Amino acid sequence: MEQLRVYGLSKYEQKQLQQMLADAPMEIVPEPLASDRHQDLATVSVIIAVSIPALAVLALWVSRGSREVTVERTETTSSGTIVTNRYTLRSKEAISAAAIGKLAEIFKVDFGKLLKLIEKLGSV
Amino acid sequence: MAKSDLFCSLEGSSWTDPVTNWTLLAGVKLDVTLANILKRGQLPPMSYPAFVHECTHHWSFHTEVGVALAMLQLNARRKAMLMKKTSATFSDLEAISEAQTRYETTIALLKPLAEGLALFAEFDAFPGKMPSLSLPSGWVMALYGEPTKDEIADENLIPALERHLLRWRTSMELARRKANLMIQPLRCVETNTVRGYLPGYLLLKQLQIVAIIRDAAFLDADFFYSYTKHFFFNDFAFVDAILDSGESDVGAAEHIAVYFQQRLSAFAHSFTKENVARVAKELNAPLSHQRFLPDLKPGTAADARGQKRLLDLMEELRTKADDKLESALRKVDMWTIAQRELMCLGSFSATLRRKGSGLINISRDGNPIAWFPALPDAGEFDGEGTVAYFFSPSRRYRAMAASFGTRVVSLTFLEDQDDSIRNEVVGYILNRDFAESADAALRDRVQEMLADSVQANVRNIIGQLTRDILDRIYIPQSLNVTDEKLPIVAAAMSEDGFLPLLDGDLELLTSVALVSTAASLVPRSLLAKIMKSYGRDLEDALRRAELASEKWGIPFFNVDKETIVSLL
């Protein structure tokens, strides 16, 4: 299955995103910590299944905050090779045609459908 | 306010290492902001919360307690470097394990408190009527404040600091950061790692209320912040407990834990007029030649013992050993201790090129970024190096440095400095990549020496015992609820903090977080307007918070017609 991984989310952001994605299954992966270092609050990455609704929600969520997140697509090929492709979404440009086009290209989804859904959700 | 990208990406979180006192500010991209920093010396506004958080850690560990802990680790690392795994004796391993146990126990006990203090700096510290200003707040003023010409002429930058803090405390960026804190687990240990952000923070909030009841001086939240740091970290009696060689293994850990718990109990009884006056004076005391110590005479016999133990360790480092390698390692550690004063504000890797001229060309991916003046004996070079912006909070200087390998090849102070500081800083290792990899190698060496040993098992058991007592130390004091309600509320908050208390409503929690950061600084009517500008309803948030408060028996706010006092 193709997976979409979003890096560097705070717990608050992870919960926000989970609410926006309704009941979509989400795997939460804590990012590594050094036990004796005094760190900022921990971050996690989340893994969700690739779909047009998930990408649309993600792009809208990034555009509405003041944040940037790195998303990653992983795919296991028939030969067993794992292929990864990363892209950083920034709030200023997250729902621009260029960024949506890039998401559609990386995650191999229909650009027109993704754009249409973002427009629809964005107008709600 | 500039947009924040504090919660960003693969670069991970900001951090402070308690041994080297190295810091990383994840939000500062020095290569992008270099020109602005060189022009004005200031940091990008978005980096403020991470800066004040890490600066608090740096300040807390640039103290006698911090240096004692660093000394313990460096001692263990030196011993590990000098031993051969195959011929190490039981007592050799015991010596390393002993130092590790003391270090790890103290770090675990202090961690929720240290994090709580750093979070208090982000969300609460604000200058008041006391004459002293905390060191981090002073630097916030210098690195983020925007003083008017009149304020600069009058040499009074406090209003600029107040404006800066007011902007942040009424912003959605900080409210979301506070909301993120409020949904952390009310537990000190997560996946076997000590964290305890929420318990540590709530403990300090509760203690500030007690302090204010005892003495109005603590209405000055910046003073309470300084007082707390001073009480726990500038404490030679704690150093005595940490370094006391009278006990070993479990006995040593127990001794440290008992001392810490007694100190925590004593804190709530320490808010007297005499202590307020004494600490206010000590906060303004000049630093001694050791630089991390206020120039004060120790108070109690335990203080005197702690001071002596620490000075003896410093003396050992200064003394030449018979073994050449040991002498060299001591010298390296001496420099490590000395440069703990520095806080790195940002760094990046770049190509450094110097051929003949007095200038160094700094470039990335073939694109020139800047020209830095070369130090007289920098030599010629062409290859990968690093550029770092750092400052010494305690000795009050800022500098931009370029390093080629471990050598500093360019050093520009933002303010005039005398030669003694300049000569000292040139000897520091300012290449972050090199320092981090050397640090990691030494850590690994200690772990390698202790792997599969009896001592490793003992350390694990002590570590588990320490983690087991943390919740008992912190949780009861962090919640203002009756004894009857305590286990119920603590259980409800153990995973997602305040979120279940607010029926899982993340939006309500965000509004409550905003009220809690802004309420002490603006009147109720203005807060209502600010919240409205964010599409939020103050009265609705207060009403629903009150319902949760009644249900769980935990007070959120004290509200009257004109003001709101946040209790969380």
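As the structure is a prediction and not an experimental result, all values here were calculated from the model.

Thresholds applied
Residues numbered from 1 in each chain as written. Chains lettered and ligands numbered in written order. Predicted model: local features only at pLDDT ≥ 70, side-chain atom pairs only at ≥ 80, totals over all residues. Heavy atoms only, no water. Contact = heavy atoms within 4.5 Å. Buried area = accessible area lost by both parts, 1.4 Å probe. Salt bridge = Lys/Arg side-chain N within 4 Å of Asp/Glu carboxyl O. Polar contact = N/O pair within 3.5 Å; in protein donor to acceptor, adjacent residues only side chain to side chain. Buried < 20%, exposed > 50% of the residue type's maximum accessible area, 1.4 Å probe, protein only. Helix = DSSP H or I, 4+ residues; strand = E, 2+ residues; numbered from the N terminus. Pairing = 2+ DSSP bridges.

Let us look at the interface of chain B and chain A. The partner chain A presents 25 residues to the 45 residues of chain B that form the contact. When the two sides are added together, the surface that chain B and chain A hide from each other amounts to roughly 3300 Å², 51% of it contributed by carbon and sulfur. The tally of links from chain B across to chain A stands at 2 salt bridges. Here Lys15 of chain A makes a salt bridge to Asp496 of chain B, at a shortest N to O gap of 3.3 Å. Linking chain B with chain A are 7 residue pairs in polar contact (both at pLDDT 80 or more), by the criterion used here.

Residues and elements named next belong to chain A. What helix H3 (residues 97–107) keeps buried is the set Ala99, Ile100, Leu103, Ala104, Ile106 and Phe107. Elements in contact with the buried residues of H3: strand S1 (3–9), helix H2 (52–64), strand S5 (68–76), strand S6 (82–90) and helix H4 (111–122). Phi for Lys108, located one or two positions after H3, is positive at around 55°.

Below, the discussion takes up the sheet that holds strand S1 (residues 15–16) of chain B. Spatial ordering of the open sheet is given by S3(A)-S1(B)-S2(B), a layout of 3 strands whose pairing is antiparallel. At either margin of the open sheet sits one strand with a lone partner, and together these are strand S3 (38–39) of chain A together with strand S2 (23–24) of chain B. Alignment of S1 of chain B against S2 of chain B, held across 2 bridges, turns out to be antiparallel. In the sheet register, Thr16 of chain B faces S2 of chain B, and the bridge partner there is Thr23 of chain B.

Side-chain pairs of opposite charge can arise where the charged atoms are in close proximity. All names here are of chain B. In the structure shown here, the tally under the stated rule is 39 salt bridges over all chains. For Asp382, the salt bridge is made with Arg353, and the minimal N-O distance between the two is 3.1 Å. You can see Asp382 sitting in strand S8 (residues 381–392) and its partner Arg353 sitting in strand S5 (residues 343–354), a full 29 residues away along the chain. With a relative accessible area of 35%, Arg353 lands in the partly exposed category. Several salt bridges share partner residues, and in doing so they unite Asp17, Arg77, Asp439 and Arg443 into one network.

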